[in-house]
Amino acid sequence: MTTVYVTHPRYVEHDLPGHPEHAGRIRAIWQQLDTTGLSNRLGRLEAQPVAEEWVAAVHTRPYLDLLNKVERIQDQVIHLNPDTYVGPNGYTIARLSAGGVVMAVEAVLSGKAHNGLAAVRPPGHHAMPGYSMGFCLLGNVPIAAHYARQVHGIRRLMIVDFDVHHGNGTEAMFYDDDGVLFVSTHQYPFYPGTGAADDTGRGRGKGFTINIPLAAGHGDRSYTALFEQVIWPAAARFQPELMMVSAGFDAHWADPLAGMRLSLTGYAYLTRELIRMADQFCGGKIVFVLEGGYNLEALAHGVRNIAHALLGEDAISDPLGPPRVDREPDIEPLINRLRSIHALP
Ligand SMILES: [Zn+2]
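So, a few notes on the structure that sits alongside this text. (Residues numbered from 1 in each chain as written. Predicted model: local features only at pLDDT ≥ 70, side-chain atom pairs only at ≥ 80, totals over all residues. Heavy atoms only, no water.)

**Quick word on the pattern of salt bridges**
Then, in step 1: For the structure shown, the criterion picks out 13 salt bridges.
Then, in step 2: In this structure, arginine 25 and glutamate 21 form a salt bridge, with 2.7 Å as the shortest nitrogen-oxygen distance.
Then, in step 3: For arginine 25, a relative accessible area of 1% corresponds to the buried category.
Then, in step 4: One salt bridge in this structure joins glutamate 313 and arginine 41, with 2.7 Å as the shortest N-O distance. (Salt bridge = Lys/Arg side-chain N within 4 Å of Asp/Glu carboxyl O. Buried < 20%, exposed > 50% of the residue type's maximum accessible area, 1.4 Å probe, protein only.)

Written out as structure tokens, the structure is:
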């Protein structure tokens, strides 16, 4: 059994120098995986663009028409909104990004790989059904989740989003759906402004969204406690058949955009806990998907640590060390509140 690693050299074509979500992010990851020899130990696949039918499963027709139009007419980088740019062939690159996630999921569910890593961009968890948002063009994880359900009959899919921002796009696409358990840890209040603890889903989806809004300053100890007392019991109750992780490294203490205090060692611990959950509940079927992370060292070593963990290797790389400030706000009140809202055992 192998770990599938999906990426594509064309991801660097989506670029805007000076923008936090620039092409140097994926280059830093490639370099880290190549120089450590990890690329050779992983089963590397080149992403293919996702078919538009799968994109249309989570996005509106007018939005796809807009992306197609922008792809045809523009010869320069334009902004779809103040945060989100799209350049030449932008829609093609976005479909290569979502396609990379679909391929990783396909490899795992068809038994060709044990687990997977999709090192893709542009990221996806803020993309809404009808518009782009927060550097994201297409809902990469939701598109692949839809594929897993339609093609492989997955009935219970758990998505854990540990990017520092609320995964509002992913939430929106499954908010009234009881087949997807969406769990998001995020700084709050913060961009994009959503993700309150009381937002738990709608209709049949009530209780299948678990938002974990964190004050700035939480780090390894708080996240560890949350995983133990909230995420583990929620996973045990849901019994997922597949796990997907929206892996953003912007909750690292050195990230320039956000104010959380996770270390790379803390991130590696969370990664291993998620793999342990997948081992326990769904035969190890888990796919990690790149989202944000704007300190290139934290990003590259974070992804490297995911690769080590997926391969079953003990190594953890943490050149940045622990945060300078060791104190964290008290996490217990939030844990108690979440355990009560979600009636966790
Ligand atoms: Zn983020």
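**Let's talk about the sheet that holds strand β8 (residues 209-214)**
Then, in step 1: Pairing is parallel across the open sheet formed by eight strands, whose spatial order is β2-β1-β5-β10-β9-β6-β7-β8. In this open sheet, the two edge strands, each paired with only one partner strand, are β2 (43-46) and β8. If you compare each strand with its neighbour and ignore which way they point, the axes differ by 15° on average.
Then, in step 2: Alignment of strand β1 (residues 3-7) against β2, held across four bridges, turns out to be parallel. Across the sheet, tyrosine 5 pairs through a bridge with arginine 44, a residue of β2. (Pairing = 2+ DSSP bridges. Helix = DSSP H or I, 4+ residues; strand = E, 2+ residues; numbered from the N terminus. Axes fitted to C-alpha atoms, helices over the stretch in contact; angles between N-to-C directions.)

**What about the nonpolar core?**
Then, in step 1: Grouped together as the largest cluster of nonpolar side chains are 109 residues, with contacts concentrated most on Ile212, Met244, Leu274 and Phe288.
Then, in step 2: Counting residues per element, this core draws most heavily on helix α5 (residues 90-109), which supplies 13 residues.
Then, in step 3: Excluding anything up to four places from it in sequence, isoleucine 212 contacts Val183, Ser184, Thr185, His186, Leu226, Val230, Ile231, Leu334 and Leu338. (Core = buried A, V, L, I, M, F, W, Y, C linked by side-chain atoms within 4.5 Å. Contact = heavy atoms within 4.5 Å.)

**Topic: the coordination of the zinc ion**
Then, in step 1: Within the protein, the zinc ion binds to Asp163 (OD), Asp163 (OD), His165 (ND1) and Asp250 (OD); these donor distances fall in the range 2.0 to 2.7 Å.
Then, in step 2: In this structure, the zinc ion is surrounded by four donor atoms whose angles at the metal cover 53 to 155°, and the resulting shape is irregular.
Then, in step 3: Here the donor residues of the zinc ion share one chain and are spaced in sequence as D-x1-H-x84-D. Of this pair, histidine 165 sits in the loop between β6 (157-161) and α7 (168-174) while aspartate 250 sits in the loop between β9 (242-247) and α9 (264-282); the two residues are 85 residues apart in sequence, bridging distant segments of the chain. (Donors = N, O, S within 2.8 Å, 3.2 Å for Na, K, Ca; no water. Tetrahedral: all angles 85-135°; square planar, octahedral: opposite > 155°, others 65-115°.)

**Re helix α4 (residues 61-73)**
Then, in step 1: In this model, α4 (13 residues) spans 18 Å end to end at C-alpha, consistent with the 18 Å of a helix rising 1.5 Å per residue.
Then, in step 2: Regarding α4, the residues found buried are Tyr63, Leu64, Leu67 and Val70. Projected onto a plane normal to the axis of α4, the buried residues spread over an arc of 125° and lie on a single side. Set apart from the buried face of α4 by more than 90 degrees, the exposed residues are Pro62, Arg72 and Ile73.
Then, in step 3: Each element contacted by the buried residues of α4 is listed here: α3 (52-55), β3 (78-79), β4 (85-86) and α5. (Expected span 1.5 Å × (residues − 1). Arc of directions from axis to C-beta.)

**A closer look at α5**
Then, in step 1: Between its terminal C-alpha atoms α5 stretches 29 Å, which fits the 28 Å expected from 20 residues at 1.5 Å a residue.
Then, in step 2: Summarising burial for α5: 17 of the 20 residues are buried, a large majority.
Then, in step 3: Positive backbone phi, at 85°, marks glycine 111, one or two positions downstream of α5.

**Some thoughts on the environment of histidine 8**
Then, in step 1: Along the polypeptide, histidine 8 turns up in the loop between β1 and α1 (24-35).
Then, in step 2: On the basis of relative accessibility, which here comes to 10%, the residue histidine 8 falls in the buried class.
Then, in step 3: For histidine 8 and leucine 80, which are 72 residues apart along the polypeptide, the C-alpha to C-alpha distance reads 24 Å.
Then, in step 4: In this structure the side chain of histidine 8 is engaged in a polar contact, spanning 2.9 Å, whose partner is the backbone nitrogen of arginine 10. (Polar contact = N/O pair within 3.5 Å; in protein donor to acceptor, adjacent residues only side chain to side chain.)

**Focus: the environment of arginine 25**
Then, in step 1: Position of arginine 25 among the secondary structure elements: in helix α1.
Then, in step 2: A sequence separation of 17 residues divides arginine 25 from histidine 8, and the C-alpha atoms of the two residues are 13 Å apart.
Then, in step 3: Leave out the neighbours within four places in its chain, and arginine 25 touches Pro20, Arg121, Leu290, Glu291, Gly292, Gly293, Tyr294, Leu296 and Leu299.
Then, in step 4: At 2.7 Å, the side chain of arginine 25 forms a polar contact with the side chain of glutamate 21.

**Looking at the pairing of β9**
On a regular strand, each side chain points to the face opposite its neighbour's, so the side chains alternate between the two faces of the sheet.
Then, in step 1: Burial analysis of β9 places six of its six residues in the buried class, which makes it a mostly covered element.
Then, in step 2: Because side chains alternate across β9, one face comprises the buried residues Leu242, Met244 and Ser246, and the other comprises Met243, Val245 and Ala247, equally buried.
Then, in step 3: Relative to β9, β6 is paired through five bridges, and the arrangement is parallel. When the bridges of β9 are listed, leucine 157 appears paired with leucine 242.
Then, in step 4: With five bridges joining them, β9 and strand β10 (residues 286-290) adopt parallel strand pairing. Bridging across to β10, valine 245 finds its partner in phenylalanine 288.
Then, in step 5: Viewed along the sheet, the connection from β9 through α9 into β10 turns out right-handed. (Right-handed = clockwise from strand over helix to strand, strands pointing away.)

**Notes on the pairing of β6**
Then, in step 1: Most of β6 is tucked away, with five of its five residues classed as buried.
Then, in step 2: Residues of β6 alternate between two faces, with Leu157, Ile159 and Asp161 on one and Met158 and Val160 on the opposite face, all of them buried.
Then, in step 3: When β6 meets strand β7 (residues 180-187), the two strands line up parallel, connected through five bridges. What sits directly across from aspartate 161, in β7, is serine 184.

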